[in-house]
Amino acid sequence: MMFQNWIFLPFFLIAYVVYLTVKRTRLKNLWILIASYVFYGWWNPLFLLLIGYATVFDYIMVALMEAGRRKKLWLTLAVVNNLALLSFFKYGYFVTENINLLLEKIGSSYAIEIEMSGILLPVGISFYVFKSIGYIVDYYRGNVEREKSFVRHAVFVSFFPLLLAGPIERAGNLLPQIRNTPRLTPQDIADGFSLFIVGLFKKVALADCLAVYVDKVYSIPDEYNAPALLLATFAFTWQIYFDFSGYSDMARGVARLMGFRIMLNFNHPYLAVSIGDFWHRWHISLSTWFRDYLYIPLGGNRKGSFNTYRNLFLTFVISGLWHGAAWTFVIWGALHGLGMVLTRSIERSTIYKEKIPKLIKQILIFIFVSFAWIFFRASSWDDACLIITRMFSSGLADPMFPLLFVFLIMSVWLYQFAYESPAQRFLNLAPVRVGAVIIMILYLAVCTGSTGQAFIYNQF
C-alpha cells in the first residue's frame, strides 16, 4: 500500500475515524499497531513475520539489559541480529555473487551457490532496522528509558506513516508521543493536510513524470548523446528529491493529522553551499543516524585529522552500501566521502565563507551532487562511465524533455531560494499557503493521474 494509491484513502479514513474514537482510551496504541500491520501486510503478509520477530527479539534484549547484567552482551546480540536480518535479505546475493567472481578470477573451481530469486526484499526493512538499532543503543547509553509495554514498543517499530521510508525517527522523540496521547488541534489538521498535499504533488505531478524521461534515457544510455544525458541527469537530480522528500512530507502529514510531530527530513538541499551543508539538509534522519551511531563510535573527529578523514570516508562508503547492494552505490557514497575529505578545510576557511559569492557555492555543490547521482541511478559501472564520457563529447540529440517540467522545477527552485530570503515572511502568510495548496490540488486533479509507481526509497 502506497500513500498515492487510491486504496490508501479508504484505509486511512477507517484508521483515522477509529483512532479519533479511541485516542483517549487504552485501545489507542493497540489500534495503531493493528492499522500499521494491515498497512505493512498489504504488501505481503509474510513481511509481518519478519517485523514481528525483530520486534519481539529487540524487546527481550532491552528487557535483559534492564536487568543489569551483561548489558554489552545483550546490546551486541540485538545489533548483530538486526544487521543479520538486513544483510541476509538485502546483501545475500550481492555478497555471494562477488565471492564467486573473485573465485573465478583466481581460477578456483569452487563456487558458492545461493538461490535468492524466490526471496523478496521486505520493503522498509532498512528503515525499521535502523530505528530499532537507534533505540537499543540509546537505551544502552542511558539516553532513553526502556519501553515496558510491548504494544507501545511494537507501535514504535511499525508506526505506519514512517514504516516504508522513514524518517528514521528517534526513540527520544517518538516514544513519549506514543506513551502520551498527542493533543490534536485544528492547526495540526491544517498542517497535516497541507503537508500531505505538498508531498503528493511532489510525487505524482513531478517525480513520477520526470521518471518517464529518466527511465527512458538511463535504460539505454548508449542510444543518447550529451544533451539528452545531461537533461536526464538533471531530471533525476530533481526526481529523487521530489520522490523522497514527497514521501517524507506525506509521512509527516499523516502523522501530524494524528497529532504526532515528526522530524524534518529535507531542508532545501539543493541550496547547500558545501557538501557538509548538503548532508545537513538531505535525508537528515539518516545522516544524523550515521553521525551518532557510526561516525562518532568510530572516533569522530577526536583523534587527529587523519582519523577524522578516515572516519568520514568510511561513514559515507557504508552509507552508500546502505542504499543498495551494488558497487555503483558504494562509489556514490565514496564520492561524497572523498568530497567531504577534500573540501572540509576549504569550506571552513575565511576565503570560502566570506569571499566566494553564495550563489557560486550553491551552483558548484549542485553540480557535484548531480554528478554523483549518475552512479546512484545508473544500472551498472559501465553505464555510468558511458554516460559521463558522452556528457563531455560532442553530438546533438533531441532531448524530448517537456518544457513544462523545466518550468515546474525552476519554479520550485526559485521558491526555495525565496524561502531562505526575507521573502519567507510573505510565503508563510496563510492566504499564500492556502492558495498554493489549492493550485496543487487543481493541478493534481486536472493534469495528472496516479501512476502507481513505487517510491524510489521503498527499495532501500
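Residues numbered from 1 in each chain as written. Predicted model: local features only at pLDDT ≥ 70, side-chain atom pairs only at ≥ 80, totals over all residues. Heavy atoms only, no water.

1. Side note on the overall build of the chain
The helix and strand tally for the chain stands at 19 helices and 0 strands. Expected size for 460 residues packed as a compact globule is a radius of gyration near 23 Å; at 23 Å, the chain falls within 12% of this value. Put simply, the chain has 460 residues, and 52% of those count as buried. If you take every contact in the chain between residues at least 6 apart in sequence, the share linking residues at least 24 apart comes to 76%. When the accessible surface of the chain is totalled, it reaches about 21700 Å², and 68% of it is carbon and sulfur. Averaged over its 39 positive side-chain charges, the chain has a centre that lies 13 Å from the centre of its 26 negative ones. (Helix = DSSP H or I, 4+ residues; strand = E, 2+ residues; numbered from the N terminus. Rg over C-alpha atoms; globule rule 2.2 N^0.38 Å. Buried < 20%, exposed > 50% of the residue type's maximum accessible area, 1.4 Å probe, protein only. Contact = heavy atoms within 4.5 Å. Areas by Shrake-Rupley, 256 points an atom, 1.4 Å probe, with all protein chains shown as cover. Lys, Arg positive; Asp, Glu negative; His and termini not counted. Charge placed at Lys NZ, Arg CZ, Asp CG, Glu CD.)

2. Some details on the nonpolar core
One broad trend across soluble globular proteins is that nonpolar side chains are buried collectively. Counting 130 residues, the largest nonpolar core has Phe 8, Trp 238, Phe 260 and Tyr 270 as the members making the most contacts within it. Considering every element that reaches this core, the biggest residue donor is helix H9 (residues 226-257), with 17 residues. Phe 8 has contacts with Met 1, Met 2, Phe 3, Phe 39, Phe 160, Phe 196 and Val 254, leaving out every residue within four places of it along the chain. (Core = buried A, V, L, I, M, F, W, Y, C linked by side-chain atoms within 4.5 Å.)

3. A word on the packing of aromatic side chains
Tallied over the entire structure, the rule returns 53 aromatic pairs. Judged by centre distance (5.7 Å) and plane angle (15°), the rings of Phe 8 and Phe 12 are stacked. Taken together, the residues span about one helical turn, with Phe 8 and Phe 12 both in helix H1 (residues 8-22) at a distance of 4 residues. The pair Phe 8 / Phe 12 is uniform in exposure class, with both members buried. Directly above the ring of Phe 156 sits Lys 131, whose terminal nitrogen or CZ lies 5.5 Å from the centroid. Across from the ring centre of Tyr 59, 5.6 Å away, lies the NZ or CZ of Arg 146, which sits over that ring. (Phe/Tyr/Trp six-rings, centres within 6.5 Å; stacked < 30°, edge-to-face > 60°. Lys NZ or Arg CZ within 6 Å of the ring centre and 35° of its normal.)

4. Topic: the pattern of salt bridges
Applying the stated criterion across every chain yields a total of 15 salt bridges. The partner of Lys 203 in a salt bridge is Asp 208, with the nearest N and O atoms 2.9 Å apart. Grouping residues by exposure puts Lys 203 and Asp 208 together as buried. Connected through shared salt-bridge partners, Asp 188, Asp 191, Arg 256, Arg 261 and Arg 433 make up one network. (Salt bridge = Lys/Arg side-chain N within 4 Å of Asp/Glu carboxyl O.)

5. Digging into the confidence of the model for the chain
Mean pLDDT over the chain works out to 86, with 91% of the residues at or above the 70 mark. Mean pLDDT per element in the chain: helix H17 (residues 403-419) is the minimum at 76, and helix H6 (residues 150-158) is the maximum at 95. (pLDDT = per-residue confidence, 0-100.)

6. Here's the deal with the side chain of Gln 177
Mapped onto the secondary structure, Gln 177 falls in helix H7 (residues 171-179). Taking the relative accessible area as the measure of exposure, Gln 177 reaches 14% and is therefore buried. Apart from residues no more than four positions distant in its own chain, Gln 177 is found in contact with Lys 28, Pro 182, Gly 259, Phe 260 and Arg 261.

7. Considering the packing of helix H5 (residues 125-141) against helix H11 (residues 284-298)
Helices that pack against each other are described as a pair by the angle of their axes relative to one another and the distance between those axes. Look at H5 against H11: their axes get within 11 Å of each other, and the N-to-C directions meet at 50°. Here H11 runs oblique to H5, going by the angle between their axes. Considering how the two elements wind past one another, H5 and H11 form a crossing that is left-handed. Of H11, the residues touching H5 (which contributes Phe 130, Ile 133, Gly 134, Val 137, Asp 138 and Arg 141) are Leu 286, Trp 289, Phe 290, Asp 292, Tyr 293 and Pro 297. For the contact of H5 with H11, the residue count by class is 8 nonpolar, 1 polar and 3 charged. (Axes fitted to C-alpha atoms, helices over the stretch in contact; angles between N-to-C directions. Parallel < 35°, antiparallel > 145°, perpendicular 65-115°, else oblique. Left-handed = near helix turned anticlockwise from the far one by under 90°. Nonpolar A, V, L, I, M, F, W, Y, C, P; charged D, E, K, R; others polar.)

8. Points about helix H12 (residues 304-323)
Between its terminal C-alpha atoms H12 stretches 29 Å, which fits the 28 Å expected from 20 residues at 1.5 Å a residue. Within the span of H12, buried status applies to Thr 308, Asn 311, Leu 312, Thr 315, Phe 316, Ser 319, Gly 320, Trp 322 and His 323. (Expected span 1.5 Å × (residues − 1).)

9. Some points on H9
For H9, spanning 32 residues, the distance from its first C-alpha to its last is 46 Å, which sits close to the expected 46 Å at 1.5 Å a residue. For H9, the tally of buried residues reaches 29 of 32 residues, placing the bulk of the element in the interior. Note on H9: the residue one or two positions beyond its end, Gly 259, has a positive phi of about 95°.

10. A word on the packing of helix H2 (residues 28-41) against H6
Running from N to C, H2 and H6 cross one another at 40°; their axes reach a closest spacing of 9 Å. In terms of orientation, H2 lies oblique with respect to H6. Taken as a pair, H2 and H6 cross one another with a handedness that is left-handed. Across the interface between the two elements, Asn 29, Leu 30, Ile 32, Leu 33, Ser 36 and Tyr 37 from H2 touch Val 151, Arg 152, Ala 154, Val 155 and Ser 158 from H6. When its residues are assigned to classes, the contact of H2 with H6 shows 7 nonpolar, 3 polar and 1 charged.

11. Structural notes on unusual backbone geometry
Even without being glycine, His 268 reaches a positive phi, approximately 50°. Unlike most non-glycine residues, His 283 shows phi in positive territory, near 40°. The residue His 283 is located in the loop between helix H10 (275-281) and H11 in this model. In this structure His 283 comes out as buried when scored by relative accessible area, which is 0%.

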